[in-house]
Amino acid sequence: MSNKIAVQVDDLTVAYNYKPVLWDIDLEIPEGVLMAIVGPNGAGKSTLIKSILGILKPIAGSVSIYGKSYNKQRSLVAYVPQKGSVDWDFPTTALDVVMMGTYGSLGWIKRPRQKQKKAALEALEKVGMLPFKNRQISQLSGGQQQRIFLARALVQDASIYFMDEPFQGVDATTEIAIINILKELRKAGKTVIVVHHDLQTVPEYFDWVTFLNVKKIATGPVKDIFNDDNLTKTYGINYKVSIQE
Amino acid sequence: MDIREYFSLVFSDYTLRTITLGTAILGAVTGMLGSFAVLRKQSLLGDAISHAALPGIAISFLITGTKDSNTLLLGALVSGLIGTFWIRGIITKTHLKSDTALGLILSLFFGFGMLLLTFIQKQPNANQAGLDKYLFGQAATLVESDVWMMAGVTGICLFVLLLFWKEFKILLFDKDYAKTLGFNTKTIDILITSFIVLAIVLGLQTVGVVLMSAMLLAPAAAARQWTNSLATMVFLAALFGAFSGVFGTAISASQNNLSTGPVIVLVAAVFVFVSFIFSPSRGLLFKQIRFIKNRRDLQLHKTLAFMYNIAETHDDISHPHEIKILNNFQGFTKGTLKKLVEKNYVTLEGSTWSLTNEGFKSASNLYNQLTKNDE
């Protein structure tokens, strides 16, 4: 971890219709952390990521990636959306989906070539999905689909990775495979930001955490702020962290 | 004229050739673009667009007073586009769901169009007759310039499709992701939608407002059954669409009283029907066959495993047992026993059965695999 700020969010407020989903969020994410965003359902975790990535338009506030706007820095950022956000019956193959990760660097009109294909195959290899490269995506299991999404982000070769619930609905083997890749990314100096649901695994997987429930409750190193106090503030119930003892 | 006569005439007869070419091109372009509508789950959009085009036809007749098809279709295009973007607006700006927005605009525009049509019909003007052909279409009115126009639009459409293939694909599959990569998804979206509107408007003269959406959806739905590749799907949809056009025209031309539009749509429906049943990977027939075969195999394995458990308790694996014992096992039928004999796993003697060596070996493998999987 360095002293550089990878992602900075200032006064971010987002609303669907009238109800605010995120309220006045200030957030600084240091370079090189593996950070979990936790909070109850409807806390705005996905919304926060989507607003940072420019998918949603905030009502107020600004976001910067290494000091500049997202539009200028998008080549530094990769995104793993929620698995359920796409139609897996779409007529395409695993390799083809991973290739989509190269579309951003290609820009308009240009077609992927041998170089892009090679990068996609390498990413498939990394997530252990190379044998399935020609498989129609609807014939993959949930865990395999998640790995394909991860591979697609790896192809982008970014500095900052945003992931929306990458562990949702995957089996233990896939979970371990994914977390190992995330830790590798951190080792390589990348910043990884993950919307996470399973509080039990936070101290084991992550070194940085943000508590979110419409407002930002707390953000910082897991060892300092992952405690009953913040959990109670975020989830509104008296939450005991049993794993830490 | 029978069908054979038609096909011998199609190359020499000018009118027949024009109509056939027109319907074939129309089928191809709507099939191609229909693939995108189907994959975006916007199947109903085509229906709304074609109905929304009707008032445009009427208004452009009222303004210009001509029945020139290009002028009228220009009006159709404008009102089709207005309808489409109105639907988009309703969906993004209000709480209404897309089906509500589609239904609303469809009936509103169609109602207004019908009103204008009846108004025009009451006018003391001999020129108005025939405007109602746009309701169900009349392929016989196609002339060479119409076909050129269709060919031109199809050409442009194909060019844009090939040029922005990658952008279209990523928008269809994962719009948000495309946005994070820096693609202006709104532009791509508008491009696709505009082409769909254009294709629909082109078909109004031939197939008509009411049935046009079938031209968009049927070839695409049929094509989806045969392939898992987007490119192949688009190609097949174009092919199915073109064939529907040709066969539909052939059938309607050989039976004098059948109007072309509905026949084309019915031919396209036959493509859908056949594809839904006979497609090897997604078709109902093969799915059912695979299902039954799997069940049979499983039943056979269960019976064999049951026999294995009994035979295992004896030193001699081929020791004969009463068939009656098998009745304790629910999955047992005479059919399965016969199959096991055919496979040479079991021999029968009177009312007793015994496992063969081969049967014992295959059963023990089965058994090992099962217990291994359980762990």
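Residues numbered from 1 in each chain as written. Chains lettered and ligands numbered in written order. Predicted model: local features only at pLDDT ≥ 70, side-chain atom pairs only at ≥ 80, totals over all residues. Heavy atoms only, no water.

### Observations regarding the overall build of chain A
Defined as follows: To qualify as a helix, a DSSP run of H or I must reach at least 4 residues; to qualify as a strand, a run of E must reach at least 2; elements of each kind are numbered from the N terminus. Radius of gyration: over C-alpha atoms. The globule rule applied is 2.2 Å multiplied by the number of residues raised to the 0.38 power. Relative accessible area decides the class of each residue, using a 1.4 Å probe on protein chains only: under 20% of the type maximum gives buried, over 50% gives exposed, and in between gives partly exposed. Under the convention used here, a 1.4 Å probe and the Shrake-Rupley method define accessible areas, while residue burial counts only the protein chains that appear. Neither His nor the chain termini are counted; the positive set is Lys and Arg, and the negative set is Asp and Glu. Every charge is mapped to an atom, namely NZ of Lys, CZ of Arg, CG of Asp or CD of Glu.
In terms of helices and strands, chain A carries 10 helices and nine strands. Compactness check: chain A gives a C-alpha radius of gyration of 18 Å against a globular reference of 18 Å for 245 residues, within 12% of the reference. Burial analysis of chain A (245 residues in total) assigns 53% to the buried set. Carbon and sulfur atoms make up 49% of the accessible area of chain A, which totals about 11100 Å². Each charge class in chain A can be summarised by its mean position, and for the 29 positive and 24 negative side chains these summaries are 9 Å apart.

### Comments concerning the overall build of chain B
Spelled out, the test is: We call two residues in contact when some of their heavy atoms are within 4.5 Å.
Secondary structure assignment for chain B yields 17 helices and three strands. Reported as C-alpha extents along the three principal axes, the dimensions of chain B are approximately 100 × 60 × 35 Å. Each of the 375 residues in chain B was classed as buried or not, and the buried ones make up 48%. In chain B, 69% of the contacts between residues at least 6 apart in sequence involve partners at least 24 apart. Side-chain charges of chain B comprise 30 positive and 23 negative groups, with the mean position of each set lying 6 Å from the other.

### Quick word on the sheet that holds strand 7 (residues 191-195) of chain A
Residues and elements named next belong to chain A. Rule in force here: DSSP calls a pair of strands paired once it identifies at least 2 bridges connecting them. Think of each axis as a best-fit line through the C-alpha atoms, taken over the contacting stretch in the case of a helix, with angles from 0 to 180 degrees between the N-to-C directions.
With mixed pairing, six strands are arranged side by side in an open sheet as 5-6-7-3-8-9. This sheet does not close on itself; its edge strands, each paired only once, are strand 5 (77-80) and strand 9 (215-221). Strand-to-strand twist of the sheet, defined as the mean angle between neighbouring strand axes without regard to direction, takes the value 15 degrees. Here six bridges tie strand 8 (residues 208-213) to strand 9, and the two strands are oriented antiparallel to one another. Each bridged residue has a counterpart across the sheet, and for asparagine 213 the counterpart in strand 9 is lysine 215.

### Some thoughts on the sheet that holds strand 4 (residues 60-65) of chain A
Residue and element names in this part refer to chain A. The three strands are arranged 2-1-4 in an open sheet whose pairing can be described as antiparallel. The open sheet has two edge strands with one neighbour each: strand 2 (19-30) and strand 4. The mean angle between the axes of side-by-side strands here comes to 15 degrees, regardless of whether they run parallel or antiparallel. Looking at chain direction, strand 1 (residues 5-16) and strand 2 are connected through eight bridges and run antiparallel. Its bridge partner being in strand 2, leucine 12 is matched across the sheet by isoleucine 25. Here helix 1 (residues 45-52) sits on the sheet in contact with strand 1, strand 2 and strand 4, set at roughly 115 degrees to strand 1.

### Topic: the packing of helix 3 (residues 43-52) of chain B against helix 5 (residues 69-93) of chain B
All names here are of chain B. Formally: Roughly parallel means an angle under 35 degrees; roughly antiparallel means over 145; roughly perpendicular covers 65 to 115; every other angle is labelled oblique. Crossing chirality is assigned from the near helix's rotation relative to the far helix, an anticlockwise turn below a right angle marking it left-handed and a clockwise turn marking it right-handed. Think of it as three bins: nonpolar holds Ala, Val, Leu, Ile, Met, Phe, Trp, Tyr, Cys and Pro, charged holds Asp, Glu, Lys and Arg, and polar takes everything else, Gly as well.
For the pair helix 3 and helix 5, the least separation of the axes is 7 Å and the interaxial angle reads 135 degrees. Here helix 3 lies oblique to helix 5, going by the angle between them. Helix 5 is crossed by helix 3, and the crossing has right-handed handedness. Each of Leu45, Ala48, Ile49 and Ala52 in helix 3 lies in contact with helix 5, whose residues at this interface are Ser79, Gly80, Gly83, Thr84 and Ile87. Its residues assigned to classes, the contact of helix 3 with helix 5 comprises five nonpolar, four polar and no charged.

### Quick word on a positive patch on the surface
We apply this condition: Patches here are clusters of residues that have more than 30% relative accessible area and form no salt bridge, with a 9 Å joining cutoff for like charges and a 5 Å cutoff for nonpolar side chains (Val, Leu, Ile, Met, Phe, Trp, Tyr). Counted as salt bridges are all cases of a side-chain nitrogen of Lys or Arg within 4 Å of a carboxyl oxygen of Asp or Glu.
A cluster of like positive charges, contributed by Lys57 of chain A together with Lys93, Lys179 and Lys186 of chain B, occupies part of the molecular surface. Locating lysine 93 of chain B in the fold gives a position in helix 5.

### Section: the domain arrangement of chain B
Where we set the bar: Those domain boundaries reflect an automatic or database domain assignment.
Taken domain by domain, chain B holds domain 1 (3-280) and domain 2 (286-374). Using only C-alpha atoms to locate each centre, domain 1 of chain B and domain 2 of chain B end up separated by 58 Å.

### Focus on unusual backbone geometry
Positive phi, normally seen in glycine, also occurs at aspartate 24 of chain A, with a value near 50 degrees. Relative to the assigned elements, aspartate 24 of chain A resides in strand 2. Of note in the backbone geometry, asparagine 344 of chain B takes a positive phi value of approximately 70 degrees without being a glycine. Along the chain, the position of asparagine 344 of chain B falls in the loop between helix 16 (334-342) and strand 2 (346-349). Of the residues examined, asparagine 344 of chain B reaches a relative accessible area of 41% and is grouped as partly exposed.

### Section: a negative patch on the surface
Residues and elements named next belong to chain A. Among the surface-exposed residues, Asp11, Asp24, Asp26 and Glu28 lie close enough to one another that they form a single negatively charged patch. A per-element tally of the negative patch places strand 2 first, with three residues. Within the element layout of this structure, aspartate 11 appears in strand 1. Judged by its relative accessible area of 40%, aspartate 11 falls in the partly exposed class.

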